[in-house]
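A closer look at the structure
These are the residues of each chain, in order.
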2 protein chains.
Amino acid sequence: MTEEQEFHVFSAEYLKDFSAKVFLHFGIPQDDAEQAADVLARSDLRGIDSHGVARLHTYFDMLTLGRINSKPNIKIVREKTSVAAVDGDNGLGLVVGPKANEIAMEKAEKYGSGWVSVCNSNHFGIAGYYPLKALERDLIGWAMTNSTKLVAPLWGAERMLGTNPIAVAFPGYKEPPIVIDMATSAAAYGKIEIALRNKSRLPRGWIIDKNGRMAIDPQKMVDGGALLPLGSERESGGHKGYALGAMVDILCCVLSGANWGPFAPPFALRQEIPTRSVGKGIGHFFGAMRIDGFIDKEEFKKQIDEWIHVFRSTKPAPGTSGPLIPGDPEREAEAVRSREGIPLIKPVVNDLLDISRQTGIPFTAS
Amino acid sequence: MTEEQEFHVFSAEYLKDFSAKVFLHFGIPQDDAEQAADVLARSDLRGIDSHGVARLHTYFDMLTLGRINSKPNIKIVREKTSVAAVDGDNGLGLVVGPKANEIAMEKAEKYGSGWVSVCNSNHFGIAGYYPLKALERDLIGWAMTNSTKLVAPLWGAERMLGTNPIAVAFPGYKEPPIVIDMATSAAAYGKIEIALRNKSRLPRGWIIDKNGRMAIDPQKMVDGGALLPLGSERESGGHKGYALGAMVDILCCVLSGANWGPFAPPFALRQEIPTRSVGKGIGHFFGAMRIDGFIDKEEFKKQIDEWIHVFRSTKPAPGTSGPLIPGDPEREAEAVRSREGIPLIKPVVNDLLDISRQTGIPFTAS
């Protein structure tokens, strides 16, 4: 049995409680600490292991070194009816993100839509968290963020963009919502890490080496290579994934005054520090729209149900059970993990035990 | 020399004038006829041949049969400050699109942003036309549309979505704007048609056959196959292209009350008529945002210039001259074609000559 397969199982509540206590330990106010812990727990519940408590040690490191402001003064620095720019005052992205998203949702309720670009923030967890909050208020929600450089633009031979995700969600009536949450790279960095641990090869189209040549050895990524944008090569639409990554970069960073492109600050201590700063922190972009500003809300939701039924009954491709609806895998993971708990691999458990030792906050591996 | 390579060259003004006269012939008001002709000419100028006068005969056919309303009463059917739904009254998309985009831009000027979902329309030309209009008013512009079904969702074996493009544009200061205009399919249908004429094979990842199997023979597309979404297969992110196509479908159609998914009405007479109608016509979605609602406009534009400089100086991948900036190819085509004219292939010239014969509007092939 490899380390990869050895799991310890915890309830989401236990992990959330531990995370909140860790944030409190650094003087983060109670509400903010619980909010931040909620974003991490939701990620673990939804099966996006890379963005849950697996990242707690990185937040811990940054807070220990004072690189993140535990009591940020998050404020609107400019606004015009349905739009605003927010300065996150170098707070946790897990705190800044929800507050900025709240501003977008309030604007949507008042003015039909709300759009907020955020600078001076840090990594905000899974993008999908934010439109899920919008759904609770019967709004269509959007979220995007830039992140540390990992992706080469098409025809480039170096990392210039983050995996810059786009998330959007639409509510159903009796059906669960349609929830899109996708990086604009061809593959997630987490998949390269898994291949590294398993010593397996990558499919062509995921990465290039440090000279810009297509590579299938995951070690080439570590040795100065880059992820490819969605679409991978010119022929298969790599220019489109690059364009989407650029769009996210501009909406999150150029529009807010954050560090765009290769200048995004590092998320973790081991990462390279950019040569220049062109703004403040990393950037996010949130949106919310009132459905009944366009159409009767019930009519919209019933059509979404019908859309889901029609797409689920698409003739299946050979060897598949037919198309999924965006958000299906995460919703299914959430159902299972709410019931059965969250499986953490040994290295993540060790990280949490290490935090426990350093802070005195109890943590017991099952 | 194949028919493909035999070009006749016309000035954009000559083609625009001819198109406008054809629209006038059907009783379309002067301003609308000129507007519609402008969308087609801009497409030809920007090198997107498939969406320019090459489509005039299709519009001509639809107008001849009375399938498009030449004097539509385009109106806002619902609104809430920054958002609105518009009914295009079955007008030409080339007329409905610009009017709805105008509403989005006016809202943006007043309320920081404007978002308009449109039903009961027809094909609106290139999506990029609309954000280019927003740039003239110093706004960030967005446009999306659904279209006749051609694309299979990932793991589906039939056509369920249009190529559903997304266009977004950002203004530069001294640099030309960044203009994104991309279909959410892996490849454009036009590329399949070219391969059919040239009797060449397709790259893997563009199409599936009628049974949902990956295909490289373009004839398989004609024989009931489908285009694949951006990303092509699961491994390379095909679920992401499908999710983007779904997002466009919902914003354009479910939110406006248009025909979504496989129920989009046919663009051309030879196309299959959907089995059901779930709304009115096809749908579009337009957006506009005021830059100075977020950040100083000059500061934004100067950062866009810097973004462009930094991305142009990315280390190039082998065999390339480095990354392009989205919109480069179309802008370069526009510069050349404004000067040297628009090359049309023989079948397109024959279409225009046929319209001339049927309407008595003079058209002279050079």
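Just so it is clear, the model here is predicted, and its values are computed rather than measured. (Residues numbered from 1 in each chain as written. Chains lettered and ligands numbered in written order. Predicted model: local features only at pLDDT ≥ 70, side-chain atom pairs only at ≥ 80, totals over all residues.)

**A closer look at the confidence of the model for chain A**
Rules: One confidence number per residue, pLDDT, is output by the predictor and ranges from 0 to 100.
Per-residue confidence for chain A averages 96 on the pLDDT scale, and 98% of its residues sit at or above 70. Listed scores for the predicted complex are pTM 0.98 and ipTM 0.97.

**Notes on the sheet that holds strand S7 (residues 178-182) of chain A**
In sheet architecture, strand pairing relies on hydrogen bonds along the backbone and comes in two forms, parallel and antiparallel. All names here are of chain A. Going by this rule: Pairing between two strands requires that DSSP report at least two bridges joining them. Only DSSP runs of H or I reaching four residues or more are called helices, and only runs of E reaching two or more are called strands; each is numbered from the N terminus. Axis definition: a line fit to C-alpha positions, over the contact stretch in the case of helices; interaxial angles, taken between N-to-C directions, run 0 to 180 degrees.
Overall, mixed pairing links the seven strands, which are arranged S2-S3-S4-S11-S5-S6-S7 in an open sheet. The open sheet has two edge strands with one neighbour each: strand S2 (75-80) and S7. This sheet shows a mean twist of 10° between the axes of neighbouring strands, independent of strand direction. Sheet analysis places strand S6 (residues 166-170) next to S7, joined by five bridges and oriented antiparallel. Bridge pairing in S7 places Ala167 opposite Asp181.

**Focus: the interface of chain A and chain B**
Short version of the rule: Our contact criterion uses C-beta atoms placed from the backbone: two residues qualify when those atoms are within 7 Å. Ten residue types, Ala, Val, Leu, Ile, Met, Phe, Trp, Tyr, Cys and Pro, are classed as nonpolar, four, Asp, Glu, Lys and Arg, as charged, and the remainder, Gly among them, as polar.
The interface of chain A with chain B comprises 72 residues on the first partner and 72 residues on the second. For the side of chain A that touches chain B, the elements supplying multiple residues, two or more each, are S2, strand S3 (83-87), strand S4 (113-121), S6, S7, helix H8 (238-254), strand S11 (282-290) and helix H9 (297-312) of chain A. Sort the elements by how many residues they give to the side of chain A that touches chain B and H9 of chain A lands first, with seven residues. For the side of chain A that touches chain B, the per-class residue count stands at 41 nonpolar, 21 polar and 10 charged.

**Some remarks on the sheet that holds strand S4 (residues 113-121) of chain B**
Residues and elements named next belong to chain B. Pairing within the open sheet is mixed, and its seven strands lie in the order S2-S3-S4-S11-S5-S6-S7. Among the strands making up the open sheet, the edge pair consists of strand S2 (75-80) and strand S7 (178-182). The mean angle between the axes of side-by-side strands here comes to 10°, regardless of whether they run parallel or antiparallel. As paired elements, S4 and strand S11 (residues 282-290) share seven bridges and run antiparallel to each other. The residue of S11 that forms the bridge with Trp115 is Gly287. Of the strands in this sheet, S2, strand S3 (83-87), S4, strand S5 (139-145) and S11 are in contact with helix H4 (residues 93-111), which crosses S4 at around 160°.

**Structural notes on the relation of the copies chain A and chain B**
The condition is simple: The fit set for superposing copies consists of C-alpha atoms from residues with pLDDT of at least 70 in both; the fit itself is least squares.
Of the transformation placing chain A onto chain B, the axial shift is 0.0 Å and the rotation is 180°, giving an RMSD of 0.0 Å. This pairing of chains is accounted for by a two-fold axis. Relative to the rotation axis, the C-alpha of Gly231 of chain A is the closest in chain A, positioned 2.4 Å from it. The overlap is high: 100% of the interface residues of chain A also sit at the interface in chain B, so the same surface is used on both sides.

**Focus: the environment of Leu45 of chain A**
Residues and elements named next belong to chain A. Its place among the elements puts Leu45 in helix H2 (residues 30-45). Residues Leu45 and Glu330, 285 residues apart in the sequence, show an inter-C-alpha distance of 8.2 Å. Apart from the residues lying within four places of it in its own chain, the contact partners of Leu45 are Ala12, Glu334, Arg337, Ser338 and Ile342.

**Considering unusual backbone geometry**
Most peptide bonds take the trans form, and the phi angle of most residues other than glycine is negative. All names here are of chain A. Selection rule: Here a residue counts as buried when 20 or more other C-beta atoms fall within 10 Å of its C-beta, as exposed when 12 or fewer do, and as partly exposed in between; the C-beta atoms come from the backbone.
At Asn90, a position not held by glycine, the phi torsion is positive, near 55°. Counting through the fold element by element, Asn90 comes out in the loop between S3 and helix H4 (93-111). Given 20 C-beta atoms within 10 Å, Asn90 falls into the buried group.

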